[in-house]
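Reading the structure
Single-letter residue listing:
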Amino acid sequence: MLAVTLGEMVKVNNAQTTPYMDEVFHVRQTQHYCAGNWTVWDPKITTLPGLYLLSALIAHCASYIFKKPSTHWCSLEKLRFVNIVMSVLIFLVMYTLFRKLSRRLKDDPGLGIQPIHRTCCMMNSLVLTCFPLLYFYNLLYYTDVGSVLFVMASYSCSIRGHHFKSAMRYRESWPIPVLR
């Protein structure tokens, strides 16, 4: 599925070489952060800056490792790839959730529900990761994929009893005070 998604990403990048709809705002904001302009904020953006901060962090790390400027890593194509990586992480989080819930079913035979086989857990995770409304945004630089990832990661921590980690996963999408 990853190969298919990467192929689709190439097609989208070739067909839509400029930011599509709201990508204009998201890409521009991230490019400001990649350039170190932390005090710039576009008032037309109505979402939290988690995606922009994460992308800028990745760009700065890649800049340090590969000795290229951080702005090199903030082209439209590379920013769109961030959502592909996050969709893979969504799949992994979903899979661990299904496995955890399946073990709970196994531990509580009074429910009368059979545990879910590992293959079914994997297929269910794949189906949810490829849900059309989510899959479309994997190919663009929108905040939806990151939001789903953080919510699912938070839920995953919560059902494991790691409530502090769950709260921190949620907090990762909070607005961070602008550095002056």
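Refer to the structure presented above.
Regarding its fold elements, the protein chain presents eight helices and zero strands. Each helix and strand of the protein chain, ordered N terminal to C terminal, gives the series α-α-α-α-α-α-α-α. In the protein chain, which comprises 180 residues, the share counted as buried stands at 35%. In the protein chain, the proportion of contacts linking residues at least 24 apart, taken out of those at least 6 apart, comes to 66%.

Attention now goes to the packing of aromatic side chains. Counted by the stated rule, this structure contains five aromatic pairs. The interplanar angle of 80° and the centroid separation of 5.0 Å between the aromatic rings of phenylalanine 136 and tyrosine 137 together place this pair among those described as edge-to-face. Judged by relative accessible area, which is 41%, phenylalanine 136 ranks as partly exposed. Pairwise contacts between aromatic rings join Phe136, Tyr137 and Tyr142 into one cluster.

Among the nonpolar cores identified, the biggest contains 23 residues, and Leu51, Tyr52, Met86, Ile90 and Tyr141 are the most heavily contacted of them. Contributions of two or more residues to this core are made by α2 (23-34), α3 (50-66), α4 (76-107) and α7 (144-159). If we ignore the near neighbours within four places in the chain, the residues touching isoleucine 90 are Thr129, Leu134, Val145, Val148 and Leu149.

The rules behind these values
Residues numbered from 1 in each chain as written. Predicted model: local features only at pLDDT ≥ 70, side-chain atom pairs only at ≥ 80, totals over all residues. Heavy atoms only, no water. Helix = DSSP H or I, 4+ residues; strand = E, 2+ residues; numbered from the N terminus. Buried < 20%, exposed > 50% of the residue type's maximum accessible area, 1.4 Å probe, protein only. Contact = heavy atoms within 4.5 Å. Phe/Tyr/Trp six-rings, centres within 6.5 Å; stacked < 30°, edge-to-face > 60°. Core = buried A, V, L, I, M, F, W, Y, C linked by side-chain atoms within 4.5 Å.

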